[in-house]
Amino acid sequence: GQRNWLQVLCNGGMALELSLLYLLDIGCADLPVDFRHQYRASWLGVAVLGALSCCNGDTWASELGSVLARGDPFLITTFQSVPRGTNGGVTAVGLISSFVGGLVIGVAYFCGIIMSAAASDLVAAPSQATVILVGGLGGLLGSVVDSILGASLQFSGTDVTTGKIVEVARDGVVPISGKMVLDNHSVNLISSILTALFLPKVALALGL
């Protein structure tokens, strides 16, 4: 669907902030992911990868999962079947799509490293192909975190008049899940922050 400035800010704000921190701390140097020799640069770079792969993975899960999945989604916190459009509802197709969406960001990041990093840095660093897998895991992780937040802190209910899924608790709405704590924008922002903070640990555990 059409995006507004708030959606763009909540989805891309974390990646932008981390990119600015990279420029201020590391400079314009294009370095491979190598936590042993370039810890700060690797941490910030993978955090940017996490924020972007989270948002892309969640978008792919929402857009492709809703189209390709045959059955109704299940709520990620209870595994009970819920109507399409319920916050926190996931499908196997959607989860796979989120992983593939993250892989796309990982491939783009990997290509950037190979084209821009110095040959001497690449020789000293671990295999950068692992970055692609890290991107895929970031997409999957971001989608799962987004779904957990949506299922627990974002209200979903069925309007008895229209039959549509709504996010505001009021008379004539049958609750399905969640509390009215967060909206979709804040869920996207928090999930991108959490994924950005956690993905460097994943990359480090995978030997980068």
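In short, a report on the structure. Quick caveat: nothing in here was measured; it's all calculated off a predicted structure.

### Here we look at the overall build of the protein
On a plain count of helices and strands, the protein comes out with six helices and five strands. The helix and strand sequence of the protein, counted from the amino end, reads α-α-β-β-α-α-α-β-β-β-α. On C-alpha atoms alone, the protein measures out to a radius of gyration of 19 Å, which is about the 17 Å that the 2.2 N^0.38 rule sets for 208 residues. Seen along its three principal axes, the alpha-carbon backbone of the protein occupies a region of about 65 × 30 × 30 Å. Every one of the 208 residues in the protein was classed for burial, and the buried ones make up 42%. In the protein, the proportion of contacts linking residues at least 24 apart, taken out of those at least 6 apart, comes to 67%. Entry remark: accessible area of the protein is about 10,600 Å², with carbon and sulfur atoms responsible for 66%. A gap of 6 Å separates the mean positions of the 9 positive and 13 negative side-chain charges of the protein.

### Some points on helix 1 (residues 5–25)
Here helix 1 spans 28 Å end to end across 21 residues, near enough to the 30 Å set by a 1.5 Å rise per residue. Along helix 1, the largest kink reaches about 50° and is centred on Gly12. Regarding helix 1, the residues found buried are Gln7, Cys10, Asn11, Gly13, Met14, Ala15, Leu18 and Tyr22. For helix 1, the elements touching its buried residues are helix 2 (39–68) and helix 6 (184–205). Once helix 1 finishes, Gly27 follows within two positions and takes phi at roughly 100°, a positive value.

### Let's talk about a nonpolar patch on the surface
On the surface, a cluster of nonpolar side chains totalling about 290 Å² of accessible area is made up of Leu16, Leu20 and Leu23. In this structure Leu16 comes out as exposed when scored by relative accessible area, which is 53%.

### Observations regarding the sheet that holds strand 3 (residues 156–159)
One open sheet holds the three strands; their spatial order is 4-3-5, and the pairing between them is antiparallel. Either end of the sheet is taken by a strand with one partner, and the two such strands are strand 4 (165–166) and strand 5 (173–177). Two strands pair when backbone bridges link them, and strand 3 and strand 5 are joined in this way by four bridges, in the antiparallel orientation. In the strand pairing of strand 5, Gly157 is matched with Pro175.

The rules we used
Residues numbered from 1 in each chain as written. Predicted model: local features only at pLDDT ≥ 70, side-chain atom pairs only at ≥ 80, totals over all residues. Heavy atoms only, no water. Helix = DSSP H or I, 4+ residues; strand = E, 2+ residues; numbered from the N terminus. Rg over C-alpha atoms; globule rule 2.2 N^0.38 Å. Buried < 20%, exposed > 50% of the residue type's maximum accessible area, 1.4 Å probe, protein only. Contact = heavy atoms within 4.5 Å. Areas by Shrake-Rupley, 256 points an atom, 1.4 Å probe, with all protein chains shown as cover. Lys, Arg positive; Asp, Glu negative; His and termini not counted. Charge placed at Lys NZ, Arg CZ, Asp CG, Glu CD. Expected span 1.5 Å × (residues − 1). Bend = angle between axes of the 7 residues up to and from the residue. Patch = residues over 30% accessible without salt bridge, like charges linked within 9 Å, V, L, I, M, F, W, Y side chains within 5 Å. Salt bridge = Lys/Arg side-chain N within 4 Å of Asp/Glu carboxyl O. Pairing = 2+ DSSP bridges.

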